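# Notes for the structure review
Each chain is listed here by its residues.
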Amino acid sequence: MSQPVHESFMRRAIEVARHGWGDTHPNPLVGALIVEEGVVVAEGFHARAGEPHAEVNALRALGRKPAPGATLYVTLEPCSTHGRTPPCCEAITAAGLTRVVVGATDPNPAHAGKGFDLLRAGGVELVTGVLAEECSDLNLIFNHWITTGRPLFAAKSGVTLDGKVATRTGDSKWITGEPARADGHRWRRLFPAIAVGAGTVRADNPRLTARVDGREWCPWRFVFDGLLRTVADKAMPNVYTDEFRERTIVVTTAHGGMGYVRKLNAMGVKAWVLSSQSPKVNFADFRRRCGEEGITGVFFEGGAQLLSELLQARELDYLFTYHAPVLFADDKAKSILRGLRTEGLENAIRLGQVRHEVLGDDSLMRGFVRYPEKMFVDEATFTRKLYGE
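Notes on the structure follow. (Residues numbered from 1 in each chain as written. Predicted model: local features only at pLDDT ≥ 70, side-chain atom pairs only at ≥ 80, totals over all residues. Heavy atoms only, no water.)

## Considering the pairing of strand β1 (residues 31-36)
The buried fraction of β1 is high, at six of six residues. Going residue by residue along β1, you find Gly-31, Leu-33 and Val-35 tucked away on one face and Ala-32, Ile-34 and Glu-36 tucked away on the opposite face as well. The pairing of β1 with strand β2 (residues 39-45) spans six bridges and is classified as antiparallel. Residue pairing across strands places Ile-34 opposite Ala-42, the latter belonging to β2. Hairpin remark: β1 followed by β2, antiparallel, with two residues in the connecting loop; positive phi at Glu-37, about 50°. Examined bridge by bridge, β1 and strand β3 (residues 71-76) share four bridges and lie antiparallel to one another. Residue Leu-33 lies in a different strand from β3, and its bridge partner there is Tyr-73. (Buried < 20%, exposed > 50% of the residue type's maximum accessible area, 1.4 Å probe, protein only. Helix = DSSP H or I, 4+ residues; strand = E, 2+ residues; numbered from the N terminus. Pairing = 2+ DSSP bridges.)

Structure follows, in structure tokens:
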């Protein structure tokens, strides 16, 4: 088959993979198709960790031996080792498939290419690297986790063309339109956890759930509150009182007071008390704790103070920025990121592996954060506010 035909089927495999969106952690999203004489006869995707992989689900959906000359399309290199499930390479050769078209190579350095070697040894014809970047993009969280052993820390912002998130009076709803906001909820649904600062909770009282296609889903919800100001308030925030409160974790320090921690626990809310000489939570310690708890990715949604401190600490891995066709042109309007002293372009933070998407009148730019060798925090003009964001 020609490359355009392979790409067409692989795009369908990517769509199939997304049926597991947000449910496969810590495993990757994977989609598979079986094609006979140019027609898709079976599809499968990986639904949850510990359950059958996409290739096996496609073979089961077929319900019979593939016809001679059938082709398997799969978005990720078939696994070659025994884990919670048997290796897919064995299932593929046992089924009699003699041609496999693959998107991305397994990012795990210990496994990369071994599946290909096993399939070739079994007499399977391979075509690899078809829409590899798109297939790899399915698994931003998994790829980062499996290659670094660290959770992926991503941030989201909705800004004007001049980088503002609110007017000088604090008016911010809504800078972006409905398509962009709906896309933000789609990414919320992917990540195992969402994080916001105490100022955002006190100002907006957000629900911090993902609402997609009329359904609501709750990830882990982190509230960064080094002094437990949100617990001292008379009116308890939604995230401490709603039906998902057991999915809320307050990230704090001993400076907040253990009495408030006990109050949270009595309400069914968890608290992580991290060691710190100041009321400011250490992001490296937070990342370490997430890894210990098996939380492979966190989607930081604000506010500006939290995101700026995350960037200053060089702990932000990935950035989603939704740009609206709006200009404030006001020096006193609120910027999403601040606190650095960037005197030359060589000191600028850049994004890598950038992807773009148009969402109604807005546009999304996203990519991996690439830090310069030297990055200066402007202590003179950036005051770390402990009582607001």
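## Examining the environment of Arg-314
Here Arg-314 shows up in the loop between α13 (304-312) and β15 (318-323). For the pair Arg-314 and Asp-361, spaced 47 residues apart in the sequence, the C-alpha separation amounts to 32 Å. Among the polar contacts listed, one links the side chain of Arg-314 to the backbone oxygen of Pro-372, at a separation of 2.8 Å. (Polar contact = N/O pair within 3.5 Å; in protein donor to acceptor, adjacent residues only side chain to side chain.)

## Considerations on the sheet that holds β3
Pairing is mixed across the open sheet formed by five strands, whose spatial order is β2-β1-β3-β4-β5. One side of each edge strand has no neighbouring strand; the edge strands of this open sheet are β2 and β5 (125-127). Neighbour to neighbour, the strand axes of the sheet diverge by 20° on average, direction disregarded. Two elements, strand β4 (residues 99-104) and β5, share three bridges in a ladder whose sense is parallel. Bridging across to β5, Val-101 finds its partner in Val-127. Helix-sheet contacts for helix α2 (residues 54-62) involve β1, β2 and β3, and the interaxial angle to β2 is about 130°. (Axes fitted to C-alpha atoms, helices over the stretch in contact; angles between N-to-C directions. Contact = heavy atoms within 4.5 Å.)

## Section: helix α1 (residues 3-17)
Given a rise of 1.5 Å per residue, 15 residues ought to cover 21 Å, and the 21 Å separating the end C-alpha atoms of α1 matches this to within 8%. On its buried face, α1 sits against β1, β2, β3, β4, β5 and α5 (132-137). (Expected span 1.5 Å × (residues − 1).)

## So, the sheet that holds strand β14 (residues 297-302)
Through backbone hydrogen bonds, the strands of a sheet pair up, either in parallel or in antiparallel fashion. Strand order across the open sheet formed by nine strands is β13-β12-β11-β8-β14-β6-β15-β18-β17, with mixed pairing between neighbours. In this open sheet, the two strands that pair with only one neighbour each are β13 (270-273) and β17 (350-359). Direction aside, neighbouring strands of the sheet carry axes that sit 20° apart on average. For strand β6 (residues 152-159) and β14, the ladder comprises four bridges, and the chain directions are parallel. In the sheet register, Ala-155 faces β14, and the bridge partner there is Phe-300. α13 rests against β6, β8 (193-197), β11 (220-224), β14 and β18 (362-370) of the sheet, and its axis sits at about 130° to β14.

## A few points about the pattern of salt bridges
Going through the model one piece at a time under the given rule, you end up with 24 salt bridges. Close ionic contact of Arg-64 with Glu-36 constitutes a salt bridge, the shortest N to O distance being 3.0 Å. One end of the pair, Arg-64, is in the loop between α2 and β3; the other, Glu-36, is in strand β1, with 28 residues separating them in the sequence. In this structure Glu-36 comes out as buried when scored by relative accessible area, which is 13%. As a salt-bridge pair, Asp-233 and Arg-202 come within 3.1 Å of each other at their nearest N and O atoms. Taken together, the residues Asp-233 in the loop between α9 (229-232) and α10 (238-241) and Arg-202 in helix α8 (residues 198-204) connect sequence positions 31 residues apart. Overall, the relative accessible area of 22% leaves Asp-233 in the partly exposed class. Here Arg-202 falls in the partly exposed class, since its relative accessible area comes to 42%. One network of salt bridges, with partners in common, ties together Arg-207, Glu-216, Arg-221, Asp-242 and Glu-243. (Salt bridge = Lys/Arg side-chain N within 4 Å of Asp/Glu carboxyl O.)

## A few points about the pairing of β18
Note that β15 and β18 share six bridges and pair antiparallel. Bridging across to β18, Thr-321 finds its partner in Met-365. For β17 and β18, the ladder comprises eight bridges, and the chain directions are antiparallel. When the sheet's bridge partners are listed, Val-358 is paired in β18 with Ser-363.

## As for α13
In terms of residue burial, α13 counts as a mostly covered element, since nine of its nine residues are buried. Following α13 by one or two positions, Arg-314 has its phi on the positive side, about 60°.

## Quick notes on the layout of surface pockets
Roughly 1100 Å³ of internal volume is contained in the largest pocket. Taken together, 43 residues form the lining of the largest pocket, with Ser-172, Trp-174, Thr-200, Asp-204 and Glu-301 sitting closest to its centre. Looking at the lining of the largest pocket, the elements with two or more residues in it are β6, β7 (164-166), α7 (178-190), α8, β14 and α13. Among the residues forming the lining of the largest pocket, the class breakdown is 14 nonpolar, 15 polar and 14 charged. Volume-wise, the second largest pocket comes out at about 540 Å³. For the second largest pocket, the lining is made up of 26 residues, of which Asn-27, Pro-28, His-53, Cys-79 and Phe-142 are closest to its centre. Contributing elements (two or more residues each) for the lining of the second largest pocket: α2 and α6 (140-148). Sort the elements by how many residues they give to the lining of the second largest pocket and α6 lands first, with three residues. In terms of residue class, the lining of the second largest pocket is made up of 11 nonpolar, 11 polar and four charged. (1 Å grid on protein atoms, 1.4 Å probe; cavity = no way out; pocket = protein on both sides within 12 Å on 5 of 7 lines; lining within 4 Å. Points joined across faces, edges and corners; volume = space filled by probe spheres on them. Nonpolar A, V, L, I, M, F, W, Y, C, P; charged D, E, K, R; others polar.)

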